[in-house]
Amino acid sequence: MLSNIHHSWTSFFDNETNQSYFIDLLKNLDTKYQTTQVYPKKEQVFRVFEIDLSQIKVVILGQDPYPTYGYANGLCFSVNPEIYPYPKSLLHIFREIKNEFPEFEPENGDLNRWKDQGVFLLNTILTVEKGLPLSHKNIGWEKFTTKVIQHLVSQRINIVYLLWGKNAHSIEKQLNNSENLIIKTSHPSPLGYTKSGKDFIAFKNSGQFRACNHYLNANMQAQISW
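Reading guide: rules and limits
Residues numbered from 1 in each chain as written. Predicted model: local features only at pLDDT ≥ 70, side-chain atom pairs only at ≥ 80, totals over all residues. Heavy atoms only, no water. Helix = DSSP H or I, 4+ residues; strand = E, 2+ residues; numbered from the N terminus. Rg over C-alpha atoms; globule rule 2.2 N^0.38 Å. Buried < 20%, exposed > 50% of the residue type's maximum accessible area, 1.4 Å probe, protein only. Areas by Shrake-Rupley, 256 points an atom, 1.4 Å probe, with all protein chains shown as cover. Lys, Arg positive; Asp, Glu negative; His and termini not counted. Charge placed at Lys NZ, Arg CZ, Asp CG, Glu CD. Contact = heavy atoms within 4.5 Å. Polar contact = N/O pair within 3.5 Å; in protein donor to acceptor, adjacent residues only side chain to side chain. Phe/Tyr/Trp six-rings, centres within 6.5 Å; stacked < 30°, edge-to-face > 60°. Lys NZ or Arg CZ within 6 Å of the ring centre and 35° of its normal.

Undergrad: Is there a simple way to explain the overall build of the protein chain in this structure?
TA: Scanning the protein chain for helices and strands turns up seven helices and six strands. If you list the helices and strands of the protein chain from N to C, you get α-α-β-β-α-α-β-β-α-β-α-β-α. Whereas a compact globule of 226 residues would reach a radius of gyration of roughly 17 Å, the protein chain reaches 17 Å, a difference of no more than 12%. Structurally, the protein chain occupies a C-alpha span of about 45 × 40 × 35 Å along its principal axes. For the protein chain, with 226 residues in total, the buried portion stands at 52%. When the accessible surface of the protein chain is summed, it comes to about 10,700 Å², and 49% of that surface belongs to carbon and sulfur atoms. Each charge sign in the protein chain was given a centre, from 23 positive and 21 negative side chains, and these centres are 6 Å apart.

This is the structure:
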């Protein structure tokens with residue numbers, strides 16, 4: 001599972017793989033992959049870490065992978081290229097981008113093209129069982145992904161954090177607001193798409209993708225071609 005991680009993450013994983021919680025997590029996962037249907041494929045669980053840490057410009061936090069066969073591919077909100085129609089959350093993401101960039105026409109739902117531009121597509125829980133959202137909650141993933149964010153914060157500044165939904169909002173306390181751009185919205189799912197709250201705006205009509213690119217441009221970084 002760890003064979004394709006970019007070398008820029010080596011020191012982080014060297015530390016985590018010696019921690020008891022992570023050892024237990026991998027053992028637990030090994031059993032689950034043998035006894036149940038778990039997504040994504042085992043070799044894609046840590047796919048998000050194929051990205052060079054020094055190239056990360058945008059962080060998007062999801063919840064857990066799609067629990068539907070053939071959908072999850074190791075990047076949050078992303079699906080395999082052949083999947084159509086798109087899941088509702090991804091459809092709303094594309095709809096919002098289209099609203100901000102009328103020329104936008106996605107080739108497919110595989111967001112690897114974003115990863116290649118420096119978008120870190122991290123779920124807070126990296127695996128799920130078939131048909132059971134959040135089935136791998138509290139098995140160690142949340143501790144791991146919190147440490148991922150802490151490590152990223154310690155290494156990099158001027159990153160755009162797009163926090164979608166309550167689960168992602170919880171990570172804000174790990175961030176340095178003065179050294180990064182943090183945009184908090186509701187989740188793009190049908191239940192959250194139009195909702196706003198005391199400290200976050202609705203995903204719909206949020207203008208966040210243009211705001212992201214404006215920030216990157218102001219900080220001498222290449223904008224994302226969404």
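After that view of the structure, there is still more to cover.
Undergrad: How should the environment of Leu25 be read in this particular structure?
TA: In this structure, Leu25 sits in helix α2 (residues 20-35). Leu25 sits in the buried class, given a relative accessible area of 0%. Along the sequence, Leu25 and Val119 sit 94 residues apart, while their C-alpha atoms lie 26 Å from each other. Those residues in contact with Leu25 that sit more than four places away from it in its chain are Ile139, Gly140 and Trp141.

Undergrad: Mind showing me how you'd approach the environment of His169 here?
TA: The residue His169 is located in helix α6 (residues 166-169) in this model. If sequence neighbours within four positions are ignored, His169 has contacts with Leu163, Trp164, Lys184, Thr185 and Phe200. Within the structure, the side chain of His169 is placed 2.7 Å from the backbone oxygen of Thr185, a separation counted as a polar contact.

Undergrad: Honestly, the environment of Ser54 in this entry has me stumped. Any pointers?
TA: Mapped onto the secondary structure, Ser54 falls in the loop between β1 (38-39) and β2 (58-62). Relative accessible area serves as the criterion here: at 41%, Ser54 is assigned to the partly exposed category. In sequence terms Ser54 and His214 are 160 residues apart; their C-alpha atoms lie 20 Å from each other. A polar side-chain atom of Ser54 sits 2.9 Å from a polar atom in the side chain of Asp52.

Undergrad: Which parts of the structure should I look at to understand the packing of aromatic side chains?
TA: Both the distance between ring centres and the angle between the ring planes are used here to describe each pair of aromatic rings. Scanning the entire structure with this criterion turns up 29 aromatic pairs. Here the aromatic rings of Phe46 and Phe49 are separated by 6.2 Å at their centres, their planes lie at 45°, and the arrangement is tilted. Assigned by exposure class, Phe46 and Phe49 land together as buried. When the ring of Tyr193 is compared with that of Phe203, the centres are 6.1 Å apart and the planes differ by 45°; the resulting orientation is tilted. Here Tyr193 is found in the loop between β6 (181-185) and α7 (208-218), whereas its partner Phe203 is found in the loop between β6 and α7, with ten residues between them in sequence. Of the aromatic side chains, those joined through ring pairs into one cluster are Trp9, Phe12, Phe13, Tyr21, Phe22, Phe46, Phe49, Phe120, Trp141 and Phe144. Sitting above the plane of the Phe101 ring, Arg210 keeps its charged end 4.3 Å from the centroid.

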